[in-house]
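Each chain, letter by letter, is given below.
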Amino acid sequence: MSVRMDGRQKRITDAGLTLWFGLAILFLFAPLAISMIYSFNLGVVGKQTSNFTGWTLEWYPAAWNDLALRRSVQTSLYVAFWAALIALGMGASLGYALVRHPSPSVRKWLSGLTYILLIVPEVVIGVSLLLFYAVTGIPLGAATLIAGITPAAIAVTALIVRARALTLDPKLEEAAADLGSTRLKTLWFIVLPQLLPAILAGGLMSYAFCFDNLVVAAFLTTPTVNTLPVYLYGSLQYGPAPSVYAAATVVFLFTVTLLGLAALCFQLSRRSGRAGVGGG
Amino acid sequence: MISASQHSQPISKRAPPARVSDQLFAAIPTAWLAIFFLAPLAFTVVYSFGNSLFGAVELGFTLKNYQTALSGFYLSTFLRTVQFAITASALCLAVAFPVAYFIARKAGRFRTLALVLILIPYFSSFLVRVMSWQILLARGGVFEGVLNFLHLHDGPLDLLDTKTAVFIGMVYAYLPIAIVPLFVVLDRMPPALLEASRDLGASRFQTFWAVTLPMARPGIATAVLLTAVPMLGEMVIPKLLGGSRGVLMGQAISSQYLQSQNYALGSAMAVLVLIAVAVVVAALARLTKGFAEVAA
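Residues numbered from 1 in each chain as written. Chains lettered and ligands numbered in written order. Predicted model: local features only at pLDDT ≥ 70, side-chain atom pairs only at ≥ 80, totals over all residues. Heavy atoms only, no water.

Helix and strand content of chain B: 14 helices and two strands. Once the C-alpha set of chain B is aligned to its principal axes, its extents read approximately 80 × 60 × 35 Å. Taking the intrachain contacts of chain B between residues at least 6 apart in sequence as the baseline, contacts between residues at least 24 apart amount to 68%. When the accessible surface of chain B is totalled, it reaches about 14,000 Å², and 68% of it is carbon and sulfur. Here chain B holds 20 positive side-chain charges and 11 negative ones, and the gap between their average locations is 8 Å. (Helix = DSSP H or I, 4+ residues; strand = E, 2+ residues; numbered from the N terminus. Contact = heavy atoms within 4.5 Å. Areas by Shrake-Rupley, 256 points an atom, 1.4 Å probe, with all protein chains shown as cover. Lys, Arg positive; Asp, Glu negative; His and termini not counted. Charge placed at Lys NZ, Arg CZ, Asp CG, Glu CD.)

Our focus in this paragraph is the interface of chain B and chain A. With 85 residues of chain B in contact, the opposing surface of chain A contributes 86 residues. Both sides of the chain B and chain A interface together cover about 7,800 Å² of buried area, and 79% of this is carbon and sulfur. Applying the counting criterion to the chain B and chain A interface returns two salt bridges. Among the salt bridges present, the one from Arg183(A) reaches Asp22(B), with a minimum N-O distance of 3.7 Å. In this structure, the connection of chain B to chain A is made through nine residue pairs in polar contact (both at pLDDT 80 or more). (Buried area = accessible area lost by both parts, 1.4 Å probe. Salt bridge = Lys/Arg side-chain N within 4 Å of Asp/Glu carboxyl O. Polar contact = N/O pair within 3.5 Å; in protein donor to acceptor, adjacent residues only side chain to side chain.)

Over its 12 residues, helix H6 (residues 126-137) of chain B extends 17 Å from the first C-alpha to the last, a length consistent with the 16 Å expected when each residue adds 1.5 Å. Most of H6(B) sits inside the fold, with 11 of its 12 residues counted as buried. (Expected span 1.5 Å × (residues − 1). Buried < 20%, exposed > 50% of the residue type's maximum accessible area, 1.4 Å probe, protein only.)

Taken as a whole and assessed by the stated rule, the structure comprises 22 aromatic pairs over all chains. Note on Phe81(A) and Trp82(A): the rings are 5.2 Å apart at their centroids and 80 degrees apart in plane angle, and the pair reads as edge-to-face. Judged by relative accessible area, Phe81(A) falls into the partly exposed class, the value being 42%. Residue classification places Trp82(A) among the partly exposed residues on the basis of a relative accessible area of 39%. Relative to Tyr263(B), the ring of Tyr257(B) lies with its centre 5.0 Å away and its plane at 20 degrees, an arrangement referred to as stacked. Site record: aromatic cluster; members linked through ring pairs are Tyr38(A), Phe40(A), Phe52(A), Trp55(A) and Tyr60(A). (Phe/Tyr/Trp six-rings, centres within 6.5 Å; stacked < 30°, edge-to-face > 60°.)

We note that Val45(A) has phi near 40 degrees; this positive angle belongs to a residue other than glycine. Position of Val45(A) among the secondary structure elements: in the loop between helix H1 (7-37) and helix H2 (59-65). A relative accessible area of 78% means that Val45(A) is categorised as exposed. In this model, His151(B) sits at a positive phi of 60 degrees, which is unusual for a non-glycine residue.

With that settled, consider the domain arrangement of chain B. Residues and elements named next belong to chain B. Domain boundaries in chain B define domain 1 (4-47) and domain 2 (64-287). Computed from C-alpha atoms alone, the centre-to-centre distance between domain 1 and domain 2 is 36 Å. Across the boundary between the two partners, domain 1 contributes four residues, which contact six residues of domain 2. Taken over both partners, the interface formed by domain 1 and domain 2 buries close to 380 Å², and the fraction arising from carbon and sulfur atoms is 72%. Among the residues of domain 1 in contact with domain 2, Thr44, Val45 and Tyr47 are the three that bury the most area, contributing 89% of the side total. In this structure, the connection of domain 1 to domain 2 is made through zero salt bridges. Seen at the junction of domain 1 and domain 2, the total is zero residue pairs in polar contact (both at pLDDT 80 or more). (Domains from an automatic or database assignment.)

All names here are of chain A. The tally for this structure, following the rule as stated, stands at seven salt bridges over all chains. Between Arg100 and Glu173 there is a salt bridge, with the nearest N and O atoms lying 2.5 Å from each other. Here the residue Arg100 occupies a position in helix H3 (residues 67-100), and Glu173 occupies one in helix H7 (residues 170-178), the gap between them amounting to 73 residues. Take Arg100 and Glu173: they sit in the same class, and that class is buried.

Moving on, we get to the side chain of Thr222(B). Residue and element names in this part refer to chain B. Mapping Thr222 onto the fold places it in helix H11 (residues 217-233). The class for Thr222 is buried, based on a relative accessible area of 17%. A distance of 2.9 Å separates a polar side-chain atom of Thr222 from the backbone oxygen of Pro218.

What follows concerns the nonpolar core. By size, the foremost hydrophobic cluster in this structure holds 152 residues, and its most contacted members are Ile103(B), Leu186(B), Val236(B) and Ile253(B). No other element matches helix H8 (residues 163-188) of chain B, which puts 15 residues into this core. A domain-level breakdown of this core finds at least three residues from each of domain 1 (4-47) and domain 2 (64-287) of chain B. One finds Tyr96(A), Val161(A), Leu187(A) and Leu195(A) within the second-largest nonpolar core, a separate group that totals 11 residues. (Core = buried A, V, L, I, M, F, W, Y, C linked by side-chain atoms within 4.5 Å.)

Residue and element names in this part refer to chain A. In the contact formed by helix H4 (residues 104-119) and helix H6 (residues 142-165), the axes pass within 8 Å of each other and the chain directions differ by 130 degrees. When the axes of H4 and H6 are compared, the pair comes out oblique. Helix-helix and strand crossings are classified by hand; for H4 and H6 the assignment is left-handed. Across from Thr114, Tyr115, Leu117 and Leu118 in H4, the residues of H6 making contact are Pro151, Ala152, Ala155, Val156, Ala158 and Leu159. Split by residue class, the contact of H4 with H6 holds nine nonpolar, one polar and no charged. (Axes fitted to C-alpha atoms, helices over the stretch in contact; angles between N-to-C directions. Parallel < 35°, antiparallel > 145°, perpendicular 65-115°, else oblique. Left-handed = near helix turned anticlockwise from the far one by under 90°. Nonpolar A, V, L, I, M, F, W, Y, C, P; charged D, E, K, R; others polar.)

Structural data, given as structure tokens:
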């Protein structure tokens, strides 16, 4: 500790920082809270209003009974699931190659590619994909949308896996090889278990990310493939119903529960992993 | 079982299969991304030089689209977008830095909780949150009420469909993304370094200015990159909070594709956005010169 520490000045700075943090949390949570509160808003003739006109529970069953809304949630779940699965596989593979590919120039190219995936604005990707599918004559559908939203998710997963792969001890893999394990076996029994939490975390991030994708999906949507964000975006023209807020609230609670469970699993697996290492 | 004398051999013997798997790990994602990312971008670049017919493009080489995209309404939209992205990104950084500093240095055992809190809103629908800002910023809404209560403003406040509303929305949407890299870099900074600075006679402010801030440069660069770049293409926030007056590049490009069906002009505008992104990246690379292992 420094002797010169000016106690009073420090207290003022600390109080200021704490206040700033509190305000930031308030700022970040205000719209979330509003979206939840307004899912109970009566509204005016079935439309959401900025004035709170009274409490009602009717929008939750209304959201459930709204066929178009329900189908868009189903489409979103389906699209996000497959896109996350692809991003999980591709991202894990790319993340590991970023660290372990024997050629430095390949590693450099791969990391350049990974960062480019993150810095091309979504609207540019969206229009490019629309153009690409139109010119090559690939009909738009769920598959084209799934493929189109994977690149950024792959990059995020790859970076998470890369961070974990950097901490892997190469000696462990060499030891396995020395003991007669094939490369495939080493990857499966030595590398994969160590990377698994990172891979799953990347997959979950991708899932949340793809579920909420609006911009790319807006360009690749078709009358039959309409995700929830695209459906909501379309409904803005006529003024959205509060049932939209109800659906969003349910989806959010579902996502947070899922993530909470995943964090719990992650924590447990890490603890048991550590115990295993300590015991062996 | 393998004897000790073979110890040096297995690695060289197994080198070929190892290389195959290593190549596959690199090749499979590259192939996927080449098809669904690089090829579409290449199409956009090629089409930006083509002649536009309604709903179709005749391939060729003309700079006409770029001429159009860099004149009149389109030029002012482009410049406004760049200006918005830079300003909003700077605002975002200014709000994020103290938050990241607090979490890294002051939050103590609550830091994980603090980080989780920052990230939670991120998992709810982005669109619905922006729609909620419409409610918050509406005339007679919560925001106006709070300002009136604090005597920072008097009477009704028309924020919706203004620049200010777009800035609030942009800072809001990208704040968590800015906080995380700043937190990482502040967290890694060795406390001994700061103590040394203090012991050598620097004031708190001097330490912050001469040690903390320069050391945080990679985090600052990453935060700017992750906020300014998507802001250059942002199309939802300006549309919902900015109304019809302040059209930005994202909407302008989108309407060339979806309404005007002028793919060539839309492509040229998309390429301009990519060039702006490249300039941002190059500037940030200069800012972080001397740091190894930096994003971008």
